Amino acid sequence: MGQKVLLNAKEVNIILHRLACQLIENHNDFSNTVLIGLQPRGKYLASRLATMLKNDYKIKNIELGHLDITFFRDDFRRGEKILEANTTEINFLVEDKNIVFIDDVLYTGRSIRAALTAIQSFGRPNEIELLTLIDRRFSRHLPIQPNYSGRQVDAINDEKVKVNWVENEGEDSVYLVNS
Amino acid sequence: MSELSVNHLLGIKYLNKKDMQLIFETTDHFKEVINRPIKKVPSLRDITIANLFFENSTRTKLSFELAEKRLSADVINFSASQSSVKKGETLIDTVNNILSMKVDMVVMRHPNPGAGVFLSQHVDASIINAGDGAHEHPTQALLDTYSIRERFGEVRGKNVVIVGDILHSRVALSNIYALQLLGANVMVCGPKTLLPKYIKGLGVKVETNLQKALNWCDVANMLRVQNERMDISYFPSTREYTQQYGVTKTLLDSLDKEITIMHPGPINRGVEITSDVADSKQAIILDQVQNGVAIRMAVIYLLASKIKH
């Protein structure tokens, strides 16, 4: 199994700042916008962006939640692995809010489809946007595209994109892994 | 993630500690789901579940049906009083006919102990025992132990007394298995006539004095006297039973600690507990009902994940 570095810590940091600036351009003071990280791995990116917006760009009152999509996935009972649920923490109203879904990798688009269904359980948002660190273009099964993307990657199907965060793997990096 | 070690839920006796923990963890997620504005998830939209109730039930049947509908399963209901069982059809024939309609899972309550085990050996569907005679009622025991875990943080080391009609109770037996599996100390308390002879063999303490039992315990699970299962008189009168084994506010206030009161329902108010006890903060009876839906969602979800196309 070989792996190639797609992004190192410095490059990840530059991309995160660029994504934060793009969010500010569209959402100003975030008074009607909420950030929702998709479980399990989108929450790290979402937390990082929320911290950056608060500390580096002095945006007050950033609302951040985590959404678990396990019970809304379309592959229940179809794989070998049992689907493991994670926690959902949305302690604010999403009714009429502008939501930014945040995930680390956009691949087939099925997770985002599930998230779009799951969020309806919490209300009717005004608008939903999608932010991903890695966009694996040409791999989509559904007509879903990100509004904000850190880096576009063309990978063949048996290659995997692995995103590491300091919080759980000890370093910020993105690898292309050949299985 | 691990999966259940069983393909059916026939009794707590067949589960191990890991199964119980997995069910509880999954229940935590479903409790969060059923407290959302929209309480439904689409996980089981291609699963059909038959609820076969050969014995009357209100709360358990409603709880299962709600759990199934909140998971988006298709549900069919069957009750023996309006069915071909009255015409002499056997259990296997009845169930096989229903399974021919492409049913994936059967939730069954039956007056005979072992009916679920028997069925699981003869039909190709996942079986959930919703009560088999005076044998087991596993989902009730799961929701009871889950409610204790929710109240105290853990079940291990807690002193739990089950009070009342142990002889005719499937709730008592399943609770004993579940509580012991999770490391609780269990006592049964009731008139000698309602304590089965084998009960000491299960490793539980036995007490006939309610005051002593309440002084010992952290939790008292009050059972209903099951008059419908009694073929002889096991105690002189309901009034005398209430005087000996009924929990009142005065009795609770006389203890030097606050204990938690549970009841699997339906309550005979004024018999096993008085209204002021049932409605007090010490009682977690309505929490048990809410946890019942989440527990049943978790059990159905985990068993359904083992049914492959």
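Model, not experiment: these values are computed from the prediction. (Residues numbered from 1 in each chain as written. Chains lettered and ligands numbered in written order. Predicted model: local features only at pLDDT ≥ 70, side-chain atom pairs only at ≥ 80, totals over all residues. Heavy atoms only, no water.)

## Considering the pairing of strand E5 (residues 159-163) of chain B
Residue and element names in this part refer to chain B.
- Counting buried residues along E5, five of its five residues qualify, which places the element largely inside the surrounding structure.
- Going residue by residue along E5, you find Asn-159, Val-161 and Val-163 tucked away on one face and Val-160 and Ile-162 tucked away on the opposite face as well.
- Inspection of the sheet shows E5 paired to strand E6 (residues 185-189) by five bridges, in the parallel sense. Residue pairing in the sheet places Asn-159 in a bridge with Asn-185 of E6.
- Taken together, E5, helix H6 (residues 170-181) and E6 constitute a β-α-β crossover, and its handedness is right-handed.
- Pairing between E5 and strand E8 (residues 219-222): four bridges, direction parallel. Its bridge partner being in E8, Val-161 is matched across the sheet by Ala-220. (Buried < 20%, exposed > 50% of the residue type's maximum accessible area, 1.4 Å probe, protein only. Helix = DSSP H or I, 4+ residues; strand = E, 2+ residues; numbered from the N terminus. Pairing = 2+ DSSP bridges. Right-handed = clockwise from strand over helix to strand, strands pointing away.)

## Details of unusual backbone geometry
- Cis geometry is found at the peptide bond from A:Gln39 to A:Pro40, where omega equals 0°.
- Structurally, the position occupied by A:Pro40 is in the loop between strand E2 (33-38) and helix H2 (42-55).
- Along the chain, B:Gly265 connects to B:Pro266 via a cis peptide bond; the corresponding omega equals -10°.
- Non-glycine residue A:Asn28 carries a positive phi angle of around 50°.
- Note on placement: A:Asn28 falls in the loop between helix H1 (9-27) and E2.
- Taking relative accessible area as the criterion, A:Asn28 reaches 55% and is therefore assigned exposed.
- One non-glycine residue, A:Lys58, adopts positive backbone phi at about 55°.
- Under the relative-accessibility criterion, A:Lys58 is labelled exposed at 61%.

## What about the layout of surface pockets?
- Taken as a whole, the largest pocket encloses approximately 1,200 Å³ of empty space.
- Lining the largest pocket are 34 residues, and of these A:Pro40, A:Arg41, A:Arg73, A:Asp75 and A:Ser111 sit closest to its centre.
- Residue assignment for the lining of the largest pocket shows that the elements contributing at least two residues are strand E4 (98-106), helix H3 (110-119) and strand E7 (159-164) of chain A.
- For the lining of the largest pocket, the residue count by class is eleven nonpolar, eight polar and 15 charged.
- Taken as a whole, the second largest pocket holds about 830 Å³ of empty space.
- As for the second largest pocket, its lining consists of 38 residues, and the residues nearest its centre are B:Arg59, B:Thr60, B:Pro264, B:Gly265 and B:Pro266.
- Listed by contribution, the elements that provide at least two residues to the lining of the second largest pocket are helix H2 (59-70), helix H5 (138-152), H6 and helix H11 (285-304) of chain B.
- No other element matches the seven residues that H11(B) contributes to the lining of the second largest pocket.
- Split into classes, the residues belonging to the lining of the second largest pocket amount to 13 nonpolar, 14 polar and eleven charged. (1 Å grid on protein atoms, 1.4 Å probe; cavity = no way out; pocket = protein on both sides within 12 Å on 5 of 7 lines; lining within 4 Å. Points joined across faces, edges and corners; volume = space filled by probe spheres on them. Nonpolar A, V, L, I, M, F, W, Y, C, P; charged D, E, K, R; others polar.)

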